Amino acid sequence: MIKAVKGTRDILPPASRVWNHVEEVARAVMHSYHYGEIRTPIFEETSLFARGVGEETDIVSKEMYTFEDRDGASLTLRPENTAGVIRSFIEHRLDQVPGLTKVYYIGPMFRRERPQKGRYRQFAQIGAEAIGSESPAVDAEVIEMVIEILTRSGLEGFRLLINSVGCKECRARYVAELRRQLAASAANLCQDCRRRVETNPLRVLDCKVPEDQPVIDALPSILDFLCEPCKTHFAAVRTYLDDRAIQYEIRPRLVRGLDYYMRTTFEVVHGALGAQNSVLGGGRYDGLAESLGSKVPAPGIGFSIGEDRLVMSVEEAQPDRHKDAADLFIAPMGDNALRHAALLARDLRRNGARVGIAFEGKLKRILELANKTGARYVLIVGDNEIQSGAYTLKNMATGEQESVSRERLTEVLYGGNH
RNA sequence: GUGGGUAUAGCUCAGUCGGUAGAGCGCUGGAUUGUGGUUCCAGAUGUCGUGGGUUCAAAUCCCACUACCCACCCCA
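Residue numbers run consecutively from 1 along every chain, following the written order of its sequence. Key to labels: chains lettered from A, ligands numbered from 1, both in the order written. Only residues with pLDDT of at least 70 get local features here, since the model is predicted, and only at 80 or more are side-chain atom pairs given and counted; chain-wide, interface and lining totals rely on the full set of residues. To obtain the side-chain values, all non-hydrogen atoms of the structure were included, while hydrogens and water were left out.

**A few points about a nonpolar patch on the surface**
As a reminder of what qualifies: Here a patch means residues that are over 30% exposed by relative accessible area and free of salt bridges, tied together within 9 Å if like-charged and within 5 Å if nonpolar (Val, Leu, Ile, Met, Phe, Trp, Tyr). Under the convention used here, a 1.4 Å probe and the Shrake-Rupley method define accessible areas, while residue burial counts only the protein chains that appear. The rule for a salt bridge is simple: a side-chain nitrogen of Lys or Arg has to be within 4 Å of a carboxyl oxygen of Asp or Glu. Numbering of helices and strands runs from the N terminus, with a helix taken as a DSSP run of H or I at least four residues long and a strand as a DSSP run of E at least two residues long. Relative accessibility thresholds used throughout: buried, under 20% of the residue-type maximum; exposed, over 50%; partly exposed, between the two (1.4 Å probe, protein chains only).
On the surface, Ile42, Phe43 and Phe67 cluster together into a nonpolar patch covering about 250 Å² of accessible area. With respect to the helices and strands, Phe43 occurs in strand β2 (residues 43–45). Judged by relative accessible area, Phe43 falls into the partly exposed class, the value being 41%.

**What to know about the confidence of the model for chain A**
To keep it simple, the criterion reads: pLDDT is defined as a per-residue confidence score from the predictor, taking values between 0 and 100.
Mean pLDDT for chain A: 91, with 97% of residues reaching 70 or above. Interface confidence for the predicted complex, expressed as ipTM, amounts to 0.86; the pTM equals 0.91.

**Here's the deal with the packing of helix α5 (residues 136–153) against helix α9 (residues 228–243)**
Inclusion rule: Helix axes are fitted to C-alpha atoms over the stretch in contact, other axes to C-alpha atoms as well, and angles between N-to-C directions run from 0 to 180 degrees. Here is the rule for angles: anything less than 35 degrees is roughly parallel, anything more than 145 is roughly antiparallel, 65 through 115 is roughly perpendicular, and the remaining ranges are oblique. In this scheme, a crossing is called left-handed if the near helix is turned counterclockwise away from the far one by less than a right angle; it is called right-handed if the turn is clockwise. Any two residues having at least one pair of non-hydrogen atoms within 4.5 Å are treated as being in contact. Ten residue types, Ala, Val, Leu, Ile, Met, Phe, Trp, Tyr, Cys and Pro, are classed as nonpolar, four, Asp, Glu, Lys and Arg, as charged, and the remainder, Gly among them, as polar.
In contact at an axis separation of 8 Å, α5 and α9 are set at 45 degrees when each is read in the N-to-C sense. One element, α5, and the other, α9, form an angle in the oblique class. Where α5 crosses over α9, the two elements pack in a sense that is right-handed. Counting all contacts with α5, which are made through Pro136, Ala137, Asp139, Ala140 and Ile143, the residues of α9 involved are His233, Ala236, Val237, Tyr240 and Leu241. Of the residues that constitute the contact of α5 with α9, the class distribution is eight nonpolar, one polar and one charged.

**Thoughts on the sheet that holds strand β3 (residues 65–68)**
Basically, it comes down to this: A pair of strands is labelled paired if DSSP reports no fewer than 2 bridges between them.
Strand order in the open sheet formed by three strands is β2-β4-β3, and the pairing between neighbours is antiparallel. The open sheet terminates on both sides in strands that have one partner only, identified here as β2 and β3. Strand-to-strand, the axes of this sheet are offset by a mean angle of 30 degrees, without reference to chain direction. Set on the sheet, helix α2 (residues 46–53) makes contact with β2, β3 and β4 (74–77); between it and β2 the angle comes to about 80 degrees.

**Re helix α6 (residues 168–184)**
Just so we agree on the cut-off: Any helix carries an expected span of 1.5 Å times its number of residues minus one.
End to end, α6 covers 25 Å across 17 residues, agreeing with the expected 24 Å (1.5 Å per residue, within 8%). Its buried side turned inward, α6 meets α7 (191–199), α8 (213–217), α9 and β9 (262–269).

**Observations concerning the pairing of strand β5 (residues 101–110)**
Most of β5 is tucked away, with nine of its ten residues classed as buried. Bridge analysis of strand β1 (residues 36–37) against β5 gives two bridges, and the strand direction is parallel. Paired with Gly36 across the strands is Val103, a residue of β5. Where β5 meets strand β6 (residues 122–131), ten bridges bridge the pair, whose relative direction is antiparallel. Bridge pairing in β6 links Tyr105 to Gly127.

**A look at the side chain of Glu80**
As a reminder of what qualifies: Throughout this description, a polar contact denotes any pair of N or O atoms lying within 3.5 Å of each other; where both atoms belong to protein, one of them has to be capable of donating a hydrogen while the other can accept it, and for residues adjacent in sequence the pair is counted only when both atoms sit in side chains.
Summarising the element assignment, Glu80 is placed in the loop between β4 and α4 (82–91). Within the structure, Glu80 has its side chain in polar contact with the backbone nitrogen of Thr82 (distance 3.3 Å). Excluding residues that lie within four positions of it along the chain, Glu80 makes contacts with Phe49, Val53, Met109, Arg111, Gln125, Leu258 and Tyr260.

**Quick word on the pairing of β4**
By the bridge criterion, three bridges tie β2 to β4 in an arrangement that is antiparallel. The partner of Phe43 across the bridge, within β4, is Leu77. Here β3 hands over to β4 after five residues, with Gly72 in that stretch at a positive phi of 95 degrees.

**Brief notes about the packing of aromatic side chains**
Basically, it comes down to this: In this analysis, rings of Phe, Tyr and Trp, with Trp reduced to its six-membered ring, are considered paired at centre separations within 6.5 Å, and the interplanar angle assigns stacked below 30 degrees, edge-to-face beyond 60, and tilted for intermediate values.
Counting across every chain of the model gives four aromatic pairs. Plain terms: the ring middles of Phe43 and Phe67 are 6.1 Å apart, the flat faces sit at 70 degrees to each other, and that makes the pair edge-to-face. Taken together, the residues Phe43 in strand β2 and Phe67 in strand β3 connect sequence positions 24 residues apart. By relative accessible area, Phe67 is classed as partly exposed at 34%. Through a chain of ring-to-ring contacts, the aromatic side chains of Tyr260, Tyr261 and Tyr285 assemble into a single cluster.

**Observations regarding the pattern of salt bridges**
Opposite charge on two side chains lets them pair, provided their charged atoms get close. Taken as a whole, this structure holds 24 salt bridges when the rule is applied. Between Asp308 and Arg9 there is a salt bridge whose closest N-O contact spans 2.7 Å. Here Asp308 is found in helix α11 (residues 307–317), whereas its partner Arg9 is found in the segment before α1 (15–32), with 299 residues between them in sequence. Assessed through its relative accessible area of 36%, Arg9 is described here as partly exposed. In this structure, the salt-bridge partner of Glu402 is Arg408, at a minimum N-O distance of 3.3 Å. What makes Glu402 partly exposed here is its relative accessible area of 33%.

Here is the structure:
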């Protein structure tokens, strides 16, 4: 039997309803913040991610789906979408378009990792980017927007974590200091951390090995190393979040994995996700456009929600809020009735009702089916009903039946008295 | 890439000391000519993950492999 490849999966109805719901909420919220949808290709030149995400990151060094095109070009399935959006921004000279560039995307990303709870090789992200301003007010609005999406999706019990990772200059000073202190206590660190001291000292900060915690606790906070502009920026972000009464926790240890982040970084965590407790991550990336070849500065900030994880968390909160069920299920008695019922179903559907129709089977069987699928009403259409112009409408919850005209049927379905 | 766990019906799982497989749910038909849910009756579905070994005999013991899950690394 051919099965879905490792780390990929089918989203079937009715579970797909939750996905639809989450996406509808996200679109509505982002439209209300005046974001427009951007659709970029699902694969790009490999060099885009190497330069954008960072050559040394795990994503680029060992997780990309890279393949050679027939003409020899190296292409890669996108592992994230910020680099693609910035590429598009530069290519189409969106800096020339009046106002901030505010775009969102929903779609699949690909990383060749070992799958586990909340982690897939093909996964979906809902993300947004606001490009063209360094203002901390934009940071706050982006965070407000993403919190709005989570809340209106029905997510409960999540926590917002924020931090500032500084700019090139102040982070470099901080990293140097970390290296200095960690080198001194390397003997007390786990294998991974000893390696991290060389590769990426910031990662030592969120090491989970208990034995390492004393050393980590003694390390300085990056917030004490921020230069004046970065300090001011972070303070302003916090003020704007306070204005909105958005609850957050400052986590100086919060480091994001992608190289391009600077200044504001944030993350939302939720308990339903196992070891991958992060529902979304985001941050500011002021130098990214230039490093991808933009001749003009294009400071930006964005986030991406792990849609798989959000859906998982929402399901945890409200397991059966989204049921698939027909408003009306039509039971035609015989071939004549089926032809009549088909036209009736079409008209009712055009008016927005969710209508099912039984193409075969005895009435008993059809009622069983309607019952199992949760249909609210069954309409029995037989030759005598067609002739008399009065159908038999059965309320499946109460078992009551009435003889209804076409007008009365419409009234029951759309009249709001049910 | 590393570690641990699991693998028996569509799903969730039981299966004793090695004697050739079961339950619940679901599915199909009937009790009911055009009336569902509850109930009753009947029925179908298995490469016991794959391959090998031990044995008169393997779902069960041994070996290898594969898949899935969880965790590490890292991230959404």
